[in-house]
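# Inside the fold
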Amino acid sequence: MELRKLGATGIDVSALALGTWEMGGLWWGPMDAEDGVTILHRALDLGITTYDASDAYGNGRSEVILGEAFRGRRQETVIVTKAGYLVGIDGAQMLFLNRDAPQPQCYEPWYLRHECELSLRRMQTDYIDAYLLHDPPVDVVKREEPWETLRELKQAGKVRSIGISSSVPACLEAVKRGHAEVVEVSYSVALQEAAAELFPLCAEKGVGVLARSPFASGRLFQDPAAVERLTEALVKPPVESLHAAAIKYVLSHPHVATCITGVMNTEELEANARAAVPPFLSDEQRKLVDAT
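Definitions and cut-offs
Residues numbered from 1 in each chain as written. Predicted model: local features only at pLDDT ≥ 70, side-chain atom pairs only at ≥ 80, totals over all residues. Heavy atoms only, no water. Helix = DSSP H or I, 4+ residues; strand = E, 2+ residues; numbered from the N terminus. Rg over C-alpha atoms; globule rule 2.2 N^0.38 Å. Buried < 20%, exposed > 50% of the residue type's maximum accessible area, 1.4 Å probe, protein only. Salt bridge = Lys/Arg side-chain N within 4 Å of Asp/Glu carboxyl O. Contact = heavy atoms within 4.5 Å. Phe/Tyr/Trp six-rings, centres within 6.5 Å; stacked < 30°, edge-to-face > 60°. Lys NZ or Arg CZ within 6 Å of the ring centre and 35° of its normal. Core = buried A, V, L, I, M, F, W, Y, C linked by side-chain atoms within 4.5 Å. Axes fitted to C-alpha atoms, helices over the stretch in contact; angles between N-to-C directions. Parallel < 35°, antiparallel > 145°, perpendicular 65-115°, else oblique. Left-handed = near helix turned anticlockwise from the far one by under 90°. Nonpolar A, V, L, I, M, F, W, Y, C, P; charged D, E, K, R; others polar. Pairing = 2+ DSSP bridges.

## Some words on the overall build of the protein
Counting its secondary structure elements, the protein contains 13 helices and 10 strands. Radius of gyration (C-alpha) of the protein: 18 Å, near the 19 Å computed for a compact globule of 292 residues. Dimensions of the protein, computed from C-alpha atoms along their principal axes, come out at roughly 50 × 45 × 40 Å. Here the protein holds 292 residues, and 53% of them are scored as buried.

## Comments concerning unusual backbone geometry
Residue P238 is reached from P237 by a cis peptide bond, and omega for that bond is 10 degrees. In this structure, P238 sits in the loop between α10 (224-234) and α11 (242-251). The step from P278 to P279 runs through a cis peptide bond, and the omega angle for that step is 5 degrees. Counting through the fold element by element, P279 comes out in the loop between α12 (266-275) and α13 (283-291). Residues other than glycine seldom take positive phi values, yet D100 does so here, at roughly 55 degrees. One non-glycine residue, D135, lies in the positive phi region at around 55 degrees. Relative to the helices and strands, D135 resides in the loop between β6 (130-134) and α5 (138-141). Of the residues examined, D135 reaches a relative accessible area of 25% and is grouped as partly exposed.

## Quick word on the pattern of salt bridges
Counting across every chain of the model gives 20 salt bridges. A salt bridge links E68 to R71; the nearest nitrogen and oxygen atoms lie 2.5 Å apart. A salt bridge links E115 to R122, with the nearest nitrogen and oxygen atoms 3.9 Å apart. Residue E115 shares its accessibility class with R122, and that shared class is buried.

## Overview of the side chain of S188
Along the polypeptide, S188 turns up in the loop between β8 (182-186) and α8 (193-196). Leave out the neighbours within four places in its chain, and S188 touches S213, P214, A216, Y249 and V250.

## Concerning the packing of aromatic side chains
Here the structure, examined in full by the defined rule, presents 8 aromatic pairs. Summarising the aromatic geometry, the rings of W21 and W28 are spaced 5.5 Å apart at their centres and angled 85 degrees between planes, so their arrangement reads as edge-to-face. When the ring of Y187 is compared with that of F199, the centres are 5.0 Å apart and the planes differ by 70 degrees; the resulting orientation is edge-to-face. Taken together, the residues span a long stretch of sequence, with Y187 in the loop between β8 and α8 and F199 in helix α9 (residues 198-205) at a distance of 12 residues. When its relative accessible area of 0% is taken as the criterion, Y187 is described as buried. The class of F199 is buried, set by a relative accessible area of 0%. Chaining the aromatic ring pairs together yields one cluster made of W21, W27, W28 and Y57. Directly above the ring of Y127 sits R74, whose terminal nitrogen or CZ lies 4.1 Å from the centroid.

## Thoughts on the nonpolar core
One broad trend across soluble globular proteins is that nonpolar side chains are buried collectively. Among the nonpolar cores identified, the biggest contains 78 residues, and L18, L40, Y51, W147, I164, V183 and L198 are the most heavily contacted of them. Residue contributions to this core peak at 8 residues, all from α11. Setting aside anything within four residues of it in sequence, one finds I164 in contact with L132, L133, P136, V141, W147, A170, C171, A174, A180, V182, V183 and E184. The next biggest cluster of nonpolar side chains, apart from the first, holds 12 residues, and it includes V13, A17, V80 and V182.

## Thoughts on the environment of V80
Looking at where V80 falls in the secondary structure, it is placed in strand β5 (residues 78-83). Those residues within four positions of V80 in sequence are excluded, and the remaining contacts are Y51, D52, A53, A130, L132, E184 and L210.

## A closer look at the packing of helix α1 (residues 33-45) against α12
For the pair α1 and α12, the least separation of the axes is 10 Å and the interaxial angle reads 20 degrees. Viewed along their axes, α1 and α12 adopt a mutual orientation that is roughly parallel. The hand of the α1/α12 crossing is right-handed. Between α1, through T38, I39, R42 and A43, and α12, the contact on the second element is made entirely by T266, L269 and E270. Of the residues that constitute the contact of α1 with α12, the class distribution is 3 nonpolar, 2 polar and 2 charged.

## Looking at the sheet that holds strand β10 (residues 258-262)
With parallel pairing, 8 strands are arranged side by side around a closed barrel as β3-β4-β5-β6-β7-β8-β9-β10. Looking at each pair of strands side by side, their axes are set apart by 25 degrees on average, direction ignored. Against the sheet, α11 engages β9 (208-212) and β10, with an angle of about 145 degrees to β10.

Next up, the structure:
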């Protein structure tokens, strides 16, 4: 597994990062905690050094599993975690989505400081490699207080870099204002918005890019006509499947540091790891994708 620079942070990340939302055991369905540890151990064996978490995933459960899995091996890993959703929402989010109601969030300084301390304890570590605001809307990004708080946490040595995980407009606002050192954003064959303006701006400013949802949360495989077109364009040796092509598409973008995928078992993990090994897609193949 190759390592890549995370912008100008001085942090090296593995080309594939493992997302841990599934280990929370709520939104995506139950996962035994010991199975989570097994997946994490196998991931590190495969050269995956980078892990994406949140205080909201399983209401802290994914962070607890991370901490126990890597107890004594923390120095071998790069951990990204996030704060901003009210802990307790995971698994109940559909309640708000069905009612078209806002999901509970909080970006007040006291809350960010409190959640950072809890994340550190849950993960049995004294620092977080990248600490991100979790899905803040643009109006929150424009406030100075959350960013001041993140900078204070960095100055105190509790975090190594700060940033945002959110929509393209919110990430753009954070980068333009000079707040974010790292952005986490959706990017895939099916959702290419981030590549138009955000990625070039991040490259210009030295901001590291964490690309999530390479399968567009499963939507990539739901349109049979699109699947047929993309398969015809991309699934040629050594690319073994559209699943692999989707990961290679993300990693072939020159401004992407890592591709984040979640898994439910080691079989999915190993398939993702195989796809994250060069060669990636050529410029000609990317143009075919963009044309579809």
